[in-house]
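Listed below are the residues making up each chain.
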Amino acid sequence: MTDLEAARAAAEKRGIGHYDRHIFLCIGPDCCTPEEGDRAWGQLKKAAARLNGSPDRGRLYRTKVGCLRICESGPTAVVYPEGTWYGCLSPENLERVINEHLANGQEVQDLVIGRNPLP
Ligand code: FES
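Residues numbered from 1 in each chain as written. Predicted model: local features only at pLDDT ≥ 70, side-chain atom pairs only at ≥ 80, totals over all residues.

1. Considering the overall build of the protein chain
How we decide: Strands are runs of DSSP state E lasting at least two residues, helices are runs of H or I lasting at least four, and both sets are numbered from the N terminus onward. For the exposure call, what matters is how many other C-beta atoms sit within 10 Å of a residue's own: 20 or more marks it buried, 12 or fewer exposed, and in between partly exposed, using C-beta atoms placed from the backbone. Residue pairs qualify as contacts under a 7 Å threshold applied to their C-beta atoms, which are placed from the backbone.
In terms of helices and strands, the protein chain carries 3 helices and 5 strands. When the elements of the protein chain are put in sequence order from the N terminus, they spell out α-β-α-β-β-β-α-β. For the protein chain, the spread of C-alpha atoms along the three principal axes comes to 45 × 30 × 30 Å. Every one of the 119 residues in the protein chain was classed for burial, and the buried ones make up 25%. In the protein chain, the proportion of contacts linking residues at least 24 apart, taken out of those at least 6 apart, comes to 62%.

See below:
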């Protein structure tokens, strides 16, 4: 198996091509403390497992990142395909994004810090 074939097999194993949304979550250290980032990541992982186990909900892919270049009032995240950027993702606020946007496709407008839908 070539390197590219191995990478394709890994992508297929991860379900690439079957996701409805992708969230990139910054776990700090500049927009939030590493502890806040780790807590948010743990919360998101549990939510993704729950949502992806539900056949009537869109499938979610999650990625943690080291910086989204906002570096203010995080944790910070961006959700695609909408290109919705969120800030101040305390546990309570992240739960709202999970339940309203990731599970049901409704932007949480009061937590939006920017929008950049990709064409
Ligand atoms: S450290 Fe989170 S946006 Fe820069």
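Having put the structure on the table, let's press on.
2. Section: the pairing of strand β1 (residues 21-26)
Rules: At least two DSSP bridges between two strands are needed for those strands to be called paired. Handedness of a crossover: with both strands directed away from the viewer, a clockwise path from the first strand across the helix to the second marks it as right-handed.
Pairing between β1 and strand β2 (residues 60-65): 6 bridges, direction parallel. Residue I23 lies in a different strand from β2, and its bridge partner there is R62. Each parallel crossover has a hand, and the one from β1 via helix α2 (residues 34-52) to β2 is right-handed. One ladder, built from 4 bridges, connects β1 with strand β3 (residues 77-80); its direction is antiparallel.

3. Description of unusual backbone geometry
Residue P29 is reached from G28 by a cis peptide bond, and omega for that bond is 25°. Here P29 is to be found in the loop between β1 and α2. With an omega dihedral of -5°, the bond running from G74 to P75 counts as a cis peptide bond. Tracing the backbone shows P75 in the loop between β2 and β3. Even without being a glycine, R69 presents a positive backbone phi close to 65°. Tracing the sequence through the fold places R69 in the loop between β2 and β3. The phi dihedral of S73 falls on the positive side, at around 50°, and the residue is not glycine. In this structure, S73 sits in the loop between β2 and β3. A residue is classified by how many C-beta atoms lie within 10 Å of it, and S73, with 12 of them, is exposed.

4. Regarding the nonpolar core
Inclusion rule: Put simply, a nonpolar core is buried Ala, Val, Leu, Ile, Met, Phe, Trp, Tyr and Cys residues tied into one set by C-beta atoms within 7 Å.
Among the nonpolar cores identified, the biggest contains 20 residues, and I23, L25, A77, V97 and L102 are the most heavily contacted of them. Elements with a contribution of two residues or more to this core: β1, α2, β3 and α3 (91-102). Take this core: its biggest share by element is 4 residues, from α3. Excluding residues within four positions of it along the chain, V97 makes contact with Y86, L89, L102, V108 and L111.

5. Some details on α2
Definition in use: A helix is expected to span 1.5 Å for every residue after the first. The directions from the helix axis to the C-beta atoms are what the arc is built from.
Its 19 residues give α2 an end-to-end C-alpha distance of 26 Å, which sits within 8% of 27 Å, the value for a rise of 1.5 Å per residue. If you check which residues of α2 are buried, you get G37, A40, L44 and A47. Projected down its long axis, α2 carries its buried residues within an arc of 95°, all on one side. Away from its buried face by more than 90 degrees, α2 exposes P34, E35, G42, K46 and A49. In this fold, the buried residues of α2 make contact with β1, β2 and α3.

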